[in-house]
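Chain and residue survey
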Amino acid sequence: MKKFNFRKVLDGLTASSPGGSSRTPREEIQETLMSDYFQICKTVRHGFPYLPTALAFDPVQKILAIGTRTGAIRILGRPGVDCYCQHESGAAVLQLQFLINEGALVSASADDTLHLWNLRQKRPAILHSLKFNRERITYCHLPFQSKWLYVGTERGNTHIVNIESFILSGYVIMWNKAIELSTKTHPGPVVHLSDSPRDEGKLLIGYENGTVVLWDLRSKRADLRVYYDEAIHSVAWHHEGKQFMCSHSDGSLTLWNLKSPSRPFQTTIPHGKIQRDGKKPESCKPILKVEYKTCKSSEPFIIFSGGLSYDKACRRPSLTIMHGKAITVLEMDHPIVEFLTLCETPYPNEFQDPYAVVVLLEKDLIVVDLTQSNFPIFENPYPIDIHESPVTCTEYFADCPPDLIPVLYSVGAKHKKQGYSNKEWPISGGAWNLGAQTYPEIIITGHADGSIKFWDASAITLQMLYKLKTSKVFEKQKLGEGKSTAEIVEEDPYAVQMMYWCPESRIFCVAGVSAYVIIYRFSKHEVNTEIASLEVRLQYEVEDIITPEPEIIPPFPDASSQLPSLKNLSGSTNTVACEGTMKDSIPCLSVKTRPVRMPPGYQADLVIQLVWVDGEPPQQITSLAVSSAYGLVAFGNCNGLAVVDFMQKTVLLSMGTIDLYGSSDPYQRQPRSPRKSKQFAAGREKKHSFKGSRKLSLPTDLKTDLENRENSFSRSRSSSVSSIDKESKETITSLYFMESFARKNDSALSPCLWVGTGLGMVLILSLNLPPNDDLRLTEPVMVSPSGTVLTLKGAVLTFACLDCMGALIHPPYEVWRDPNSTDDNEKTRKRKLVMHSPSASQDMGEHQFAVVCSEKQAKVFSLPSQTCLYIHNITETSFLLRADVVTLCNSVCLACFCANGHIMTLSLPSLRPMLDVNYLPVTDMRIARTFCFTNEGQALYLSSPTEIQRLTYSQEMCDNLQDMLGDLFTPVETPEAQNRGFLKGLFGGSGQTFDREELFGEATAGKASRSLAQHIPGSGGIEGMKGAAGGVVGDLARARIALEERGQRLGELDEKTASLMVSAEAFSKHAHELMLKYKDKKWYQF
């Protein structure tokens, strides 16, 4: 452990500070963190795959793969087995095909490339790629236990690829050879390929225009051709291989018999209205896919998507299940992308016995139980409903109190839906264990509809614990009231903008887009009570600036010009007042006035709303902090600061930002108009108004956002004090309750509220609390500016305090007690306060370190002397979006995320750079708004509107990640084929042997044209070696199993060869005897 001496380096910074050289113990702080402790690494992605396009299932391994429009693949197994991989090209995934029970997957992309993925490692990697140059891929088919992949193209040709070498065979089925020579038109792209269940040597090719060809691979000619005058979307075989079914663009299903290919054996339009005059039923919407699955003990299942009548325009997307004479239509909430029927056997020539249907929707994944007549759905164990309402903000808590997860789960479990299938979730493949990381983690997501979701995120999994609906405290808006009561928010008046959670006291606080704050307390008991509410005026008036050049942009633009939103979540807050009377002193929403039943869990304790002033709507809240120990909540916006006592339900402070400075304002500002300044009876409460707006924007492109902000930053952060005299708005950007030294050279700690502003100012407010607990509910709390002002460059983002040994001081908190407890002892028990963290159990000493980070720089001050000990300019050309003081390896550091995509960590208190990695360019407002760091080297952000990406910046966690991830592939015996006759069992294969190697191999088929496709070797092998570092034993075991299987197969081959040699010798002997016997006989003697 090294002691760092920074006196010489920072001598010039502190020489002029009073007490700077004698009172600062910089030599004594032992900083244990080193740059070797840090490394950036993605850990796991949760949620529903964004913009899904393809689906595949391995019936033996029981794992599911989903491809997306952005080139991502998600592979899901049992809960905990969830793997994300990405094509480098980013091209959409057209189709996925598992090599069943082989631990491999083939993907076809929109850039006409095939990829082979190795799934026998925890992080799949590409082994081979094959890029088609002259033809576009439209359909792929890989027969079970075959190493030859059929690839159909837009030109109507069918190519064949060797899966092992990923080289194209010289065998090609050209479209003009497949169709009748007399046909004058092109049959269209290949939309279906499958081999006959009866004979692997016959390939069924479906063309878009309605032509289906059964191609004999051995004789290289068409066995039969069928024609239909409607376009084909999909084809499905009966397991016996004597019939197949097609789905068409007019909503019809045609059933064809191989013995009579001239016309369909049966034609139905399942949802078509039967005409009275006996004509063909009317056309319906296209049936995009059909599956035809047989059962041993019942009628076959015919399952299809689409095909609804055109006259039912309002009907939702549907999946139809036809079983015997029963037709069941399952309506979906979102359009169907793809579906698959899960069957008991992987063999296409056996009774299929389907047991479930996996339906991939645009925004959901459902699995239907086919074994029960009412077709219930399975309860989905994956966290795929993160986006049920768009996520607007996130918070992440690692190493939180261990009792929270079971408590939240117990209150959340009571709200679970009923009516699910009682069967086990069928996608149960892979293996997963807890790993070494065991501390509790909780993720909280805030949503556009006002809901809050608490998730158990321990051990890189995600499971929903509890859902809270904040909108329930408000009256529902009537249709006629929409414009008058919630004008500032067009669609989502309850959208959650900020959250603050104290896990120890279980107090939870929400700031909504309609300029309100709700404080929640946690209780295990149901209660019927009225909701307390307060209204706060927080507006700011300035004299209109008269200037001869009105086009000049002021040097300090307001928050809306610094962060212009391109897509508006809340609607503009800068709206025109209603006709008639001018709005004044009314909130945006109405709180319920009648008693409300509150179930166990989080119960609303107080609602605080900002009100309209002189026809101007309240500005949105930009900062929020709660102290359970002090019983106070503070929040600010671009106009000023409010402090509320939520124990006494009173407003303590409502003040414009400028008034917080008092006489210590460092800027020369434009004086306010005396005729517009008003005093209120509350004494400290002042009314101000400023015409401006701030919007909460949904995920949008941020490029112009960032450029505009940079331009405004370069203007607004001028070193000249006089540059502010034309601008008076100063947003409150950060708040922090702490036991600290409020004034220079204070001798004792006292309750304080640290306030950070958009102009880089730090103000400390003194909190004068009643001396004991008995007086807390009766005596008033006094809030007063201390006169202390510290300065930084850029808007202030975060605060923290360290003790004299450099350990993080936890803000004081109240130990949780149930406010509605039936236990008398619990009710009368005094509040138990914890004033500082257990890690700093030694005497707090005579000073502490204050860590302040802005969007440009970080500073560490020594208190109470207010000497700036350390300063680090984090970025000159960009700005920070998020900064958090976090614990890692029993030490503490400052983690920063910059708008240019860099993730940085700085040691504390010396602010030495530990890590600086260009990780993630911020191209989207969603990332900027949802990125957050937490303890133990973890972080997260919303990578898409439906997915949370977690990452680590800890070297230790990167090293252990391999053990924490699930295994996608587990050794499983391939089930034996049921109908293997004596000859099949002796010789293997089908009754009619079909050697694909002989037919498609280079020796017979020759080489394909080099210009047709280009082979690209992947990094899968190398990645596999790297990935094995964490699980060598498992890989060795797999290698040993593979070796034993190979040895066993070689042994069986030797035995077969030996028996063949014996029989050959016997045959030779008998033939020789016969030859000798008949050698001298004449032909007429036989």
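This is a predicted model, so every value here is computed, not measured.

Some remarks on the overall build of the protein chain
Helix and strand content of the protein chain: 15 helices and 61 strands. The burial tally for the protein chain puts 56% of its 1086 residues in the buried class. Considering only contacts in the protein chain between residues 6 or more positions apart, those separated by 24 or more positions represent 62%. Only carbon and sulfur atoms are counted for the fraction: they give 52% of the accessible area of the protein chain, which is about 48,100 Å².

Description of the sheet that holds strand E24 (residues 318-323)
Pairing in this open sheet of 4 strands is antiparallel, and the strands run E22-E23-E24-E25 from one edge to the other. Two strands bound the open sheet, and with one partner strand each, they are strand E22 (287-293) and strand E25 (326-331). Within this sheet the neighbouring strands show an average axis-to-axis angle of 15°, counted without direction. As defined by bridge partners, E22 adjoins strand E23 (residues 301-306) across 6 bridges and the pair is classed as antiparallel. Bridge pairing in E23 places Glu-291 opposite Ile-303.

Let's talk about the side chain of Thr-905
Within the secondary structure layout, Thr-905 lies in strand E56 (residues 902-907). With relative accessibility at 0%, the residue Thr-905 sits in the buried group. Apart from the residues within four sequence positions on either side, Thr-905 is in contact with Phe-38, Leu-894, Ala-895, Arg-912, Pro-913, Met-914, Leu-915 and Tyr-953.

Structural notes on the packing of aromatic side chains
All told, the structure shown has 28 aromatic pairs when counted by the stated rule. Relative to Trp-256, the ring of Tyr-228 lies with its centre 6.4 Å away and its plane at 90°, an arrangement referred to as edge-to-face. Of this pair, Tyr-228 sits in the loop between strand E17 (221-227) and strand E18 (232-237) while Trp-256 is found in strand E20 (residues 253-257), placing the two residues 28 residues apart along the sequence. Here the two residues Tyr-228 and Trp-256 agree in accessibility, since each one is buried. Each residue in the set Phe-397, Phe-454, Tyr-466, Trp-501, Phe-508, Tyr-520, Phe-522, Tyr-602 and Trp-816 is aromatic and connected to the rest through ring pairs, giving one cluster. A cation sits over an aromatic face here: Lys-289 above Phe-339, 5.1 Å from the ring centre.

Considering helix H3 (residues 404-412)
Those residues of H3 that fall on the buried side of the exposure criterion are Leu-404, Ile-405, Val-407, Leu-408, Val-411 and Gly-412. Buried residues of H3, viewed axially, fall in a sector of 165°; they line one side. Packed against the buried residues of H3 are strand E30 (441-447), strand E31 (451-456), strand E32 (463-469), strand E33 (496-502), strand E35 (516-523) and strand E39 (601-610).

Let's talk about the confidence of the model for the protein chain
Scored by pLDDT, the protein chain comes out at a mean of 81, with 78% of its residues at no less than 70. Low pLDDT, under 50, characterises residues 1-27; the predicted model gives this stretch 42 contacts beyond four residues in sequence or across chains. Residue range residues 481-489 is modelled with pLDDT below 50. Its contacts to residues more than four positions away, or to other chains, number 37 contacts.

Notes on the pattern of salt bridges
Under the defined criterion, the tally for this structure stands at 31 salt bridges. Here Arg-950 and Glu-441 are joined by a salt bridge, their closest N and O atoms 3.2 Å apart. A residue pair is termed long-range when its members are at least 10 positions apart, and Arg-950 in strand E60 (residues 947-954) and Glu-441 in strand E30 qualify at 509 residues. Residue classification places Arg-950 among the buried residues on the basis of a relative accessible area of 0%.

Here's the deal with unusual backbone geometry
Pro-864 follows Leu-863 through a cis peptide bond whose omega is 10°. Residues other than glycine seldom take positive phi values, yet Lys-220 does so here, at roughly 55°. Examined against the element boundaries, Lys-220 turns out to sit in the loop between strand E16 (211-216) and E17. Among the residues examined, Lys-220 registers a relative accessible area of 47% and is labelled partly exposed. Residue Ala-515 is not a glycine yet carries a positive backbone phi of 60°.

Considerations on the side chain of Asn-101
Positionally, Asn-101 belongs in the loop between strand E6 (93-99) and strand E7 (104-109). Note on Asn-101: relative accessible area 8%, which makes it buried. Looking at Asn-101, its side chain comes within polar contact range of the side chain of Gln-61, at 2.8 Å. Excluding its chain neighbours within four sequence positions, the residues that come into contact with Asn-101 are Asp-58, Val-60, Gln-61, Arg-120, Phe-969, Val-972, Glu-973 and Thr-974.

Some details on the sheet that holds E18
Ordered by their spatial adjacency, 4 strands build an open sheet running E18-E19-E20-E21, and the pairing between neighbours is antiparallel. Edge strands, defined here as strands with exactly one partner in the open sheet, are E18 and strand E21 (266-268). Sheet twist, expressed as the mean angle between neighbouring strand axes with direction ignored, is 15°. With 5 bridges connecting them, E18 and strand E19 (residues 243-248) associate as antiparallel partners. By the bridge assignment for E19, Ile-232 is matched with His-248.

Here we look at helix H10 (residues 955-964)
Listed as buried for H10 are Met-957, Cys-958, Leu-961, Gln-962 and Met-964. Along the long axis of H10, the arc covered by the buried residues comes to 165°, so they all point the same way. In H10, the exposed residues that point more than 90 degrees away from the buried face are Glu-956 and Asp-959. One side-chain oxygen of the residue at the start of H10 lies 3.3 Å from the amide nitrogen of Glu-956, identifying that residue as Ser-954.

Structural notes on the pairing of E6
Most of E6 sits out of view: 6 of its 7 residues are buried. As judged from the 6 bridges shared by E6 and E7, these two strands associate in the antiparallel manner. Within the sheet, the bridge partner assigned to Val-93 lies in E7 and is Ser-109.

Some details on the state of the cysteines
In the structure shown here, the tally under the stated rule is 0 disulfides. No disulfide involves Cys-393; its sulfur sits 9.6 Å from that of Cys-932, the nearest cysteine.

Topic: the nonpolar core
Formed by 39 residues in total, the largest nonpolar core has its most connected members in Phe-454, Phe-508 and Tyr-602. Top contributing element to this core by residue count: H3, with 5 residues. The next biggest cluster of nonpolar side chains, apart from the first, holds 26 residues, and it includes Leu-33, Leu-888, Leu-920 and Val-922.

A word on the environment of Cys-41
Along the chain, Cys-41 falls in strand E1 (residues 38-47). C-alpha of Cys-41 to C-alpha of Gln-938: the two residues are 897 residues apart in sequence and 9.8 Å apart in space. Not counting chain neighbours up to four residues away, the residues in contact with Cys-41 comprise Arg-123, Leu-951, Thr-952, Cys-958 and Leu-961.

Reading the values: the criteria
Residues numbered from 1 in each chain as written. Predicted model: local features only at pLDDT ≥ 70, side-chain atom pairs only at ≥ 80, totals over all residues. Heavy atoms only, no water. Helix = DSSP H or I, 4+ residues; strand = E, 2+ residues; numbered from the N terminus. Buried < 20%, exposed > 50% of the residue type's maximum accessible area, 1.4 Å probe, protein only. Contact = heavy atoms within 4.5 Å. Areas by Shrake-Rupley, 256 points an atom, 1.4 Å probe, with all protein chains shown as cover. Pairing = 2+ DSSP bridges. Axes fitted to C-alpha atoms, helices over the stretch in contact; angles between N-to-C directions. Phe/Tyr/Trp six-rings, centres within 6.5 Å; stacked < 30°, edge-to-face > 60°. Lys NZ or Arg CZ within 6 Å of the ring centre and 35° of its normal. Arc of directions from axis to C-beta. pLDDT = per-residue confidence, 0-100. Salt bridge = Lys/Arg side-chain N within 4 Å of Asp/Glu carboxyl O. Polar contact = N/O pair within 3.5 Å; in protein donor to acceptor, adjacent residues only side chain to side chain. Disulfide = S-S within 2.5 Å. Core = buried A, V, L, I, M, F, W, Y, C linked by side-chain atoms within 4.5 Å.

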